[in-house]
Amino acid sequence: MKKVYKKIFDEFTANVVPVDCGEKCRHLNEGTPVCCDIENAVPIMDKSEYKLLRSRSKLWRKYRPPNEHGEELVESLHDDCVACECKGAMFCERDNRSLSCRAFPFFPYITKAGDFIGMATYWTFEDRCWVISNMKKVTPEFVTEFHNVYERLFKYKPDEFDVFKDYSATMRRVFSRWKRPIYIVDRDRDFHAILPKGAGMEPVRKRDLPKFGPYAE
């Protein structure tokens, strides 16, 4: 699997948006980009991915839980996974970012029927992440690379597909309860709204994509 992750890292280098999105959100988090703060997001890696990055750089180490919540996170992980932390945004090495760092704030959205149809966002960050409120700015290169690398990953690690299928199902339940649509970006960079309670999917114009929290003004 180390060879698979090396290929993924070589092919997934595009910027998610054409600007430094960290500059757009750091004011909400005491000067640190939201997704680069271990208190907000703990990167989870496949052990093969972690071993590869450790062989390339001293950027990463295993996550050291600061509290009971962190300990519960570590204990909940599958045997193939490891919780990690890096030296921080000021020391970022772009070539040695994890897959989750490269993909954030997106994850592969899998339908109930088991089809990977696009990129959805980690909704718990919508009140802080500038990209989630500016999905229309996502670069074509990022969309293409995202789909390519996850299709490659799912081919070699079907269990990763199952993880995201379960996560997508959780998102559908939550958003149906909230009576909110889920917005996704497909491989062609078209936007769609997945309607709550299984009411289908419809196209969405860029200008109608929602904004959240401090970015809604």
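Given the structure is predicted, the values throughout are model-derived calculations rather than measurements.

Engineer: Any chance you could explain the overall build of the chain here in plain terms?
Structural biologist: Assigned secondary structure in the chain consists of seven helices and eight strands. For 217 residues, the compact-globule formula gives about 17 Å, and the C-alpha radius of gyration of the chain, at 17 Å, lands near that figure. The principal-axis extent of the C-alpha atoms belonging to the chain is close to 45 × 40 × 35 Å. When contacts within the chain are restricted to residue pairs at least 6 apart in sequence, those whose partners lie at least 24 apart make up 69%. When the accessible surface of the chain is split by element, carbon and sulfur atoms take 50% of a total near 12,100 Å².

Engineer: So what exactly am I meant to see when it comes to the side chain of Lys157 here?
Structural biologist: Mapped onto the elements of the fold, Lys157 is located in the loop between helix H6 (140–156) and helix H7 (158–178). The class of Lys157 is buried, set by a relative accessible area of 7%. A polar contact is formed between the side chain of Lys157 and the side chain of Asp46, at a distance of 3.0 Å. Leave out the neighbours within four places in its chain, and Lys157 touches Met1, Tyr5, Asp46 and Asp80.

Engineer: Which parts of the structure should I look at to understand a negative patch on the surface?
Structural biologist: Together, Glu68, Glu71, Glu72 and Glu75 give the surface a local cluster of negative charge. With respect to the helices and strands, the residue Glu71 is situated in helix H4 (residues 68–76). Relative accessible area serves as the criterion here: at 42%, Glu71 is assigned to the partly exposed category.

Engineer: Even after reading the chapter, I still don't get the sheet that holds strand S3 (residues 81–86), so can you show me in this structure?
Structural biologist: In a beta sheet, neighbouring strands are held together by backbone hydrogen bonds and run either parallel or antiparallel to one another. Read across the open sheet, the three strands follow the order S1-S3-S2; overall the sheet is antiparallel. With one partner strand each, in any of the chains shown, strand S1 (44–46) and strand S2 (60–62) form the two edges of the open sheet. The average undirected angle you get between the axes of adjacent strands in this sheet is 50 degrees. Relative to S3, S2 runs antiparallel, the two sharing three bridges.

Engineer: Can you help me understand the pattern of salt bridges in this one?
Structural biologist: Taken as a whole and judged by the stated rule, the model has eleven salt bridges. Between Arg152 and Glu11 there is a salt bridge; the shortest N-O distance is 3.1 Å. Placement of the pair is Arg152 in helix H6 and Glu11 in helix H1 (residues 2–11), with a sequence separation of 141 residues. A residue is classified by how much of its surface remains accessible, and Glu11, at 28% relative accessible area, is partly exposed.

Engineer: Teacher, can you tell me more about the packing of aromatic side chains here?
Structural biologist: Using the criterion set out here, one finds 20 aromatic pairs in the structure. For the pair Phe142 and Phe146, a centre-to-centre distance of 6.0 Å together with 40 degrees between the ring planes defines the contact as tilted. Of this pair, Phe142 and Phe146 both sit in helix H6, four residues apart, which is roughly one turn of that helix. The class for Phe142 is buried, based on a relative accessible area of 0%. Note on Phe154 and Phe161: the rings are 5.3 Å apart at their centroids and 90 degrees apart in plane angle, and the pair reads as edge-to-face. On the basis of relative accessibility, which here comes to 18%, the residue Phe161 falls in the buried class.

Definitions and cut-offs
- Residues numbered from 1 in each chain as written.
- Predicted model: local features only at pLDDT ≥ 70, side-chain atom pairs only at ≥ 80, totals over all residues.
- Heavy atoms only, no water.
- Helix = DSSP H or I, 4+ residues; strand = E, 2+ residues; numbered from the N terminus.
- Rg over C-alpha atoms; globule rule 2.2 N^0.38 Å.
- Contact = heavy atoms within 4.5 Å.
- Areas by Shrake-Rupley, 256 points an atom, 1.4 Å probe, with all protein chains shown as cover.
- Buried < 20%, exposed > 50% of the residue type's maximum accessible area, 1.4 Å probe, protein only.
- Polar contact = N/O pair within 3.5 Å; in protein donor to acceptor, adjacent residues only side chain to side chain.
- Patch = residues over 30% accessible without salt bridge, like charges linked within 9 Å, V, L, I, M, F, W, Y side chains within 5 Å.
- Salt bridge = Lys/Arg side-chain N within 4 Å of Asp/Glu carboxyl O.
- Lys, Arg positive; Asp, Glu negative; His and termini not counted.
- Charge placed at Lys NZ, Arg CZ, Asp CG, Glu CD.
- Pairing = 2+ DSSP bridges.
- Axes fitted to C-alpha atoms, helices over the stretch in contact; angles between N-to-C directions.
- Phe/Tyr/Trp six-rings, centres within 6.5 Å; stacked < 30°, edge-to-face > 60°.

Read these as geometric descriptors, not functional statements.
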